[in-house]
Structure formats: structure tokens, C-alpha cells
Amino acid sequence: MPLSLTPTFRDALAAADRPLAGIWVCSGSPLVAEICAGGGLDWLLIDMEHSPNGLEGVLAQLQAVAAYPSTPVVRVPIGDVVTLKQVLDTGAQNILVPMVSSAEQARDLVAAVRYPPRGVRGVGSALARSGRWNRVDGYLQDGDAHVSLFVQVENVEGVAAAADIAAVDGVDGVFVGPSDLAASMGLLGQQTHPDVVAAVHRAFDAVRGAGKPVGVNAFDPAAAQAYLDAGAAFVLVGADVALLARGSEALAARWVPTAADADRAGY
């Protein structure tokens, strides 16, 4: 029986009449991913870069969230051809690649997620969840329509090249990472420093000037709202592990007399 795939994150952004708010899923747990998917947010970022997620874990989380309207995006740990091929074959339709600093790098990534002759993606959909084991009619011919590619600008070189990166055909949007950007500017841990915010805004202007949607990570509500007001089309406003950490600390502060108060980093 022929099957249909869900719309991509590119499609969701194009159809939206407001910015899309999402949550970072870092726990590696399909159960937690499913809980987050049912929470009402627009999208989920399943992270392989800073989280204990391998291919099997990503597959299980994609399966767990498939019944919900939240759109899953998978951040790969590195933008190499083999990793992208394997993640796409798990059925991930939406990819975010970290640390993209040049248009040349972006063009290589576009090629990695497209089949020949437009790219170099290996052909294995008949064996994989990506094409539902040959149950999606025309998957190979229509592969580009089923995959969206987003790249992450998160250092000073990336900000300087943001316009060229966003202009690459096949890059569907750019996500700005203030944490690593702050570190690259010598301001480690200072995501809301005025110089970092100004650099984020420069990236926003460059990406939007190229006609592409731009997003940002901002766990602080005031920072998130300010970035939305500045034109962010999508934003991450929290993470599963951060919610659990802060929530358990709040319980301890309420019920354990010896629990010490401590300021926590916003990321």
C-alpha cells in the first residue's frame, strides 16, 4: 500500500502565520520525546551533537513522536556524508547541521542530502525507513521534496558569511547559536552580552536578506521574545533535560531545608 510522508519543517515554516516555537530533546529517551511531542509546541530538536543519541536512539524517538503534530528536526553531530546518509535513512526528514561557517561548506551539505545527479546521497531507501521500504511512491525521484536542510551559524566566521550561506540553493533556513557564538567572541557563557546579541542580529539581517527563514536558540523568555520581535521565524525555548533539572531543583528548594539556592546558566 503506498504511503505518504509528513510535510517537512521547510513546509511548516512556509505555511505558518507566526513564528514556530520548539523544544530541545536531549535526554535520548523515546518516552520523554513523546511527552514533549504531545505538549503543544510546534517542533522538536532531537540532538545528536551534545546528547547520548545514536542512530538507534534517533530512530526510536522519530517513531515515538510520529503520531503527534510537532515536527521533528534532527541535529547531526557533524555534517559528513556518511552520517547524513544514515540519519536520513532512519526516516529523519529535517536535518540541522552545526558549525557551518562558509557557503562552500553549505553547498557540500546540500549535495550530501540529495540524490544524484543533484548530489551524492547514497541510494538505499528500499532498505530503509526513509522511503518506508519502497512504500512511498516516487521517493527517489521526489527525494528533495521529502528532506529539508537547515544549517547552524554559531561563530564569528559564520556570521560574516551568513548572507552567502543562506543564499545557497538547497539551504532551507539558518539557525543561529548564541552560546558557541559567544564563545567564539571571547564571551564564553554570556549569550545575552550586547555584542553577542548584535552579532545575532547581523546574522538575522543577512539571512532574511537572502530570503530564507532564520531561527535562534534562546531559553531566556525575554531574550526569546526579543529575537522573535527582531524577525526570528523559529526558536527553541527550552530543553527536556533543563526542565527536569530546574523542576527537580525547585522541588528540593521547597521540601529539603538544606537545599542551597544557586544561579543557573540560562542555556
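The structure this text deals with has already been given above.
1. Focus: the side chain of N155
Relative to the helices and strands, N155 resides in the loop between strand 5 (148-153) and helix 6 (156-160). Polar side-chain contacts of N155 include one of 3.0 Å to the side chain of S101.

2. As for empty space enclosed by the protein
Rolled over the atoms, a probe sized like a water molecule indicates the empty space that remains. The final tally for this structure, using the stated rule, is 1 cavity of 30 Å³ or more. Lining the largest cavity are F9, W43, V73, L96, F150, F175 and F234.

3. Points about the packing of helix 2 (residues 30-37) against helix 3 (residues 55-65)
Helix 3 packs onto helix 2 with a crossing angle of 35° between their chain directions and a minimal axis gap of 8 Å. Handedness of the helix 2/helix 3 crossing: right-handed. In this structure, helix 2 contributes P30, A33, E34 and A37 to the contact, and helix 3 contributes A60, Q61, A64 and V65. Among the residues making up the contact of helix 2 with helix 3, the classes are represented as 6 nonpolar, 1 polar and 1 charged.

4. Remarks on the packing of aromatic side chains
Per the counting criterion, the structure on display carries 10 aromatic pairs. Between F204 and Y227, the aromatic rings sit 5.7 Å apart at their centres with planes inclined by 55°, giving tilted as the arrangement. Here F204, found in helix 9 (residues 194-209), pairs with Y227, found in helix 10 (residues 221-229); they are 23 residues apart in sequence, far enough to count as distant. Under the relative-accessibility criterion, Y227 is labelled buried at 4%.

5. Describing the pairing of strand 7 (residues 214-217)
Across the two faces of strand 7 the burial is the same, with V214 and V216 and G215 and N217 all buried. In this structure, strand 6 (residues 173-176) lies alongside strand 7, joined through 3 bridges in parallel fashion. Its bridge partner being in strand 7, V176 is matched across the sheet by V216. In terms of strand pairing, strand 7 meets strand 8 (residues 234-239) through 3 bridges, oriented parallel. Of the residues in strand 8, the one forming a bridge with G215 is F234. As for the winding sense of the linkage, the β-α-β connection from strand 7 through helix 10 to strand 8 is right-handed.

6. Brief notes about the sheet that holds strand 2 (residues 43-47)
Here 8 strands make up a closed barrel; going around it, the order is 1-2-3-4-5-6-7-8 and the pairing parallel. Each strand axis lies, on average, 30° off the axis of its neighbour in the sheet, ignoring direction. Where strand 4 (residues 94-97) and strand 5 come together, 4 bridges link them in parallel fashion. Within strand 5, the position partnered with N94 by the bridge is S148.

7. A short note on the side chain of D42
Turning to its location among the elements, D42 is positioned in the loop between helix 2 and strand 2. Only 2.8 Å separates the side chain of D42 from the side chain of R18, close enough to count as a polar contact. Polar contacts involving the side chain of D42 include one to the main-chain amide nitrogen of A21, which spans 2.8 Å. Leave out the neighbours within four places in its chain, and D42 touches R18, P19, L20, A21, P69, S70 and T71.

8. As for the layout of surface pockets
Of the pockets and cavities examined, the largest pocket occupies roughly 390 Å³. Along its surface, the largest pocket is lined by 22 residues, and T6, P7, S70, T71 and P72 are the ones closest to its centre. Of all the secondary-structure elements, those providing two or more residues to the lining of the largest pocket are helix 1 (9-15), helix 3 and strand 3 (71-75). Split into classes, the residues belonging to the lining of the largest pocket amount to 12 nonpolar, 7 polar and 3 charged.

The rules behind the values
- Residues numbered from 1 in each chain as written.
- Predicted model: local features only at pLDDT ≥ 70, side-chain atom pairs only at ≥ 80, totals over all residues.
- Heavy atoms only, no water.
- Helix = DSSP H or I, 4+ residues; strand = E, 2+ residues; numbered from the N terminus.
- Polar contact = N/O pair within 3.5 Å; in protein donor to acceptor, adjacent residues only side chain to side chain.
- 1 Å grid on protein atoms, 1.4 Å probe; cavity = no way out; pocket = protein on both sides within 12 Å on 5 of 7 lines; lining within 4 Å.
- Points joined across faces, edges and corners; volume = space filled by probe spheres on them.
- Axes fitted to C-alpha atoms, helices over the stretch in contact; angles between N-to-C directions.
- Left-handed = near helix turned anticlockwise from the far one by under 90°.
- Contact = heavy atoms within 4.5 Å.
- Nonpolar A, V, L, I, M, F, W, Y, C, P; charged D, E, K, R; others polar.
- Phe/Tyr/Trp six-rings, centres within 6.5 Å; stacked < 30°, edge-to-face > 60°.
- Buried < 20%, exposed > 50% of the residue type's maximum accessible area, 1.4 Å probe, protein only.
- Pairing = 2+ DSSP bridges.
- Right-handed = clockwise from strand over helix to strand, strands pointing away.

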